[in-house]
Structures are given as C-alpha cells and as structure tokens.
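Spelled out from the first residue to the last, the chains are:
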Amino acid sequence: MRGFPKTSGSRGIHVYVRVKPEHGFEEVRRAALALAREVERRMPGRATSRWWKEEREGVFIDYNQNARDRTVASAYSVRAVPDARVSCPLEWAEVPEVDPGELRLDTVPARLAERGDPSADIDERPASLEPLLELAARDEREGLGDAPWPPHFRKQKGEPPRVQPSRARAAKR
C-alpha cells in the first residue's frame, strides 16, 4: 500500500490510500483499525490507536475517519479559516517540517506550479485490503475486538464500552 500524505488544513496530517472498490464500509473500517493497531505495535510510544485522549501516547491514528458520515478535506480545498489555509498534498520528506500556516490560498498555486502535485498518481496504485483484513482476523483471534465508534453511531456488536476509562473507574468506586 502506498500512502499519500496531505495537510488537513488545520493541525493534522491525513494519509490517503487508494483501495480497490471490493469491500463495504465495515470491512474498510476493520482494515483501518487493523492498520492503526499494527502501526501502534511497530512504533510503541510514537503512535497510538487509543480512542480516549487520556490513553494516548504519540500520534493518534484515527481509524474512525472511515466512518460512514465522515467528509474529508479534498486535496487543495480551501478551509474556512481567516488565513484561508489549503488542505495540501505533500511529499513524505516534507511531513516532519511542514507548517500548515504557510499553505494558503495565496501560496499554494505557485507551489503547485513549481513542484507539481505529489498525489497526482494516487489512482494508478489501488491497493487490496486483503493483507489488512488478515491482520484484523489475527487481532480478533487473539482477543482484540472492536474499538470505540464515534458517539453518534448506535452501539456496535462487540464494541467496548463508550465511557472514558477514568470515568468508568470513578463510577466503580
């Protein structure tokens, strides 16, 4: 799988991966959760798939961005903020040092003309979700069930409690 990073137009970085249109929403979410957990395993302390902020350490890999109702900032979309920041595709080498405040409506057109579009060939490499679905199946066999869904979704089968761990502990006292 090849990931294409871009700024969100705010503080985050999104990584787009074009996938073959072979699976439905729930399988895509399962694959995203498996990917987040695998990154967390490979980068302990630097990346996390933990939904609750109080449990996070490092960069949060937000598997729930694959929720049915989520919209994404498309490449080169201008955000509704006073400085007119632009959600902007990046080269991987730019990610550690990027300043999203420098990617604005008045600066991105020249950047695009000078450098080209780092995500131009995203559609040429659609990936299969099968390796991630195999990871998801392994996680499930090893007892790692589902993770919390966004609060406005109905409770899902196998989903853990939707209560902050500190609040759950306080309620038991």
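Residues numbered from 1 in each chain as written. Predicted model: local features only at pLDDT ≥ 70, side-chain atom pairs only at ≥ 80, totals over all residues. Heavy atoms only, no water.

> Help me understand the side chain of Arg 37 in this model?
With respect to the helices and strands, the residue Arg 37 is situated in helix α1 (residues 25–42). Here Arg 37 occupies a buried position and makes no salt bridge, while the nearest side chain of opposite charge, Asp 139, is found at 4.5 Å. Arg 37 has contacts with Ser 49, Asp 139, Leu 144, Gly 145, Asp 146 and Ala 147, leaving out every residue within four places of it along the chain. (Helix = DSSP H or I, 4+ residues; strand = E, 2+ residues; numbered from the N terminus. Buried < 20%, exposed > 50% of the residue type's maximum accessible area, 1.4 Å probe, protein only. Lys, Arg positive; Asp, Glu negative; His and termini not counted. Salt bridge = Lys/Arg side-chain N within 4 Å of Asp/Glu carboxyl O. Contact = heavy atoms within 4.5 Å.)

> Looking at this model, I keep getting lost on the nonpolar core. Mind explaining?
Nonpolar side chains in soluble globular proteins generally cluster together in the buried interior. Judged by nonpolar contacts, Ala 31, Ala 34, Leu 129, Leu 132, Leu 133, Leu 135 and Ala 136 together constitute the single largest core of seven residues. Where this core is concerned, the elements lending two or more residues are α1 and α3 (130–141). Sorting elements by how many residues they give to this core places α3 first, with four residues. What Leu 129 contacts, discounting residues up to four positions off in sequence, is Met 1, Val 19, His 23, Val 28 and Ala 31. Core analysis: the second largest hydrophobic core is formed by six residues, Leu 33, Ala 36, Tyr 63 and Ala 147 among them. (Core = buried A, V, L, I, M, F, W, Y, C linked by side-chain atoms within 4.5 Å.)

> Got a minute to help me understand the pairing of strand β1 (residues 4–7) in this structure?
In summary, the side chains of a regular strand alternate between the two faces of the sheet. The alternating pattern of β1 places Phe 4 and Lys 6 on one face and Pro 5 and Thr 7 on the opposite face, and all of these are buried. With four bridges joining them, β1 and strand β2 (residues 13–16) adopt antiparallel strand pairing. Along β2, the bridge assignment pairs Phe 4 with Tyr 16. Turn length for the β1-β2 hairpin, with the two strands adjacent in sequence and antiparallel, is five residues, and the turn residue Gly 9 shows positive phi of about 95 degrees. (Pairing = 2+ DSSP bridges.)

> I'm lost on a negative patch on the surface in this one. Help?
Among the surface-exposed residues, Glu 22, Glu 26, Glu 27, Glu 130 and Glu 134 lie close enough to one another that they form a single negatively charged patch. Within the residue set of the negative patch, elements represented by two or more residues are α1 and α3. Relative to the helices and strands, Glu 134 is located in helix α3. A relative accessible area of 56% places Glu 134 in the exposed class. (Patch = residues over 30% accessible without salt bridge, like charges linked within 9 Å, V, L, I, M, F, W, Y side chains within 5 Å. Areas by Shrake-Rupley, 256 points an atom, 1.4 Å probe, with all protein chains shown as cover. Charge placed at Lys NZ, Arg CZ, Asp CG, Glu CD.)

> Explain the packing of α1 against α3 here, please?
Where α1 contacts α3, the axes come no closer than 8 Å and their chain directions differ by 75 degrees. Relative to α3, α1 is oriented roughly perpendicular. Every residue of α3 that contacts α1 at Glu 27, Arg 30, Ala 31, Ala 34, Leu 35, Arg 37, Glu 38 and Arg 41 is listed here: Leu 132, Leu 133, Leu 135, Ala 136, Ala 137, Arg 138, Asp 139 and Glu 140. Looking at the contact of α1 with α3 residue by residue, the classes come out as eight nonpolar, no polar and eight charged. (Axes fitted to C-alpha atoms, helices over the stretch in contact; angles between N-to-C directions. Parallel < 35°, antiparallel > 145°, perpendicular 65-115°, else oblique. Nonpolar A, V, L, I, M, F, W, Y, C, P; charged D, E, K, R; others polar.)

> Looking at this model, I keep getting lost on the pattern of salt bridges. Mind explaining?
Any two side chains of opposite charge can pair if their charged atoms end up close together. This model, assessed by the stated rule, comprises 15 salt bridges. Note that Arg 85 and Asp 83 form a salt bridge whose closest N and O atoms lie 2.9 Å from each other. A relative accessible area of 24% places Arg 85 in the partly exposed class. Judged by its relative accessible area of 31%, Asp 83 is partly exposed. Notably, a salt bridge pairs Arg 125 with Asp 121, separated by 3.7 Å at the nearest N-O pair.

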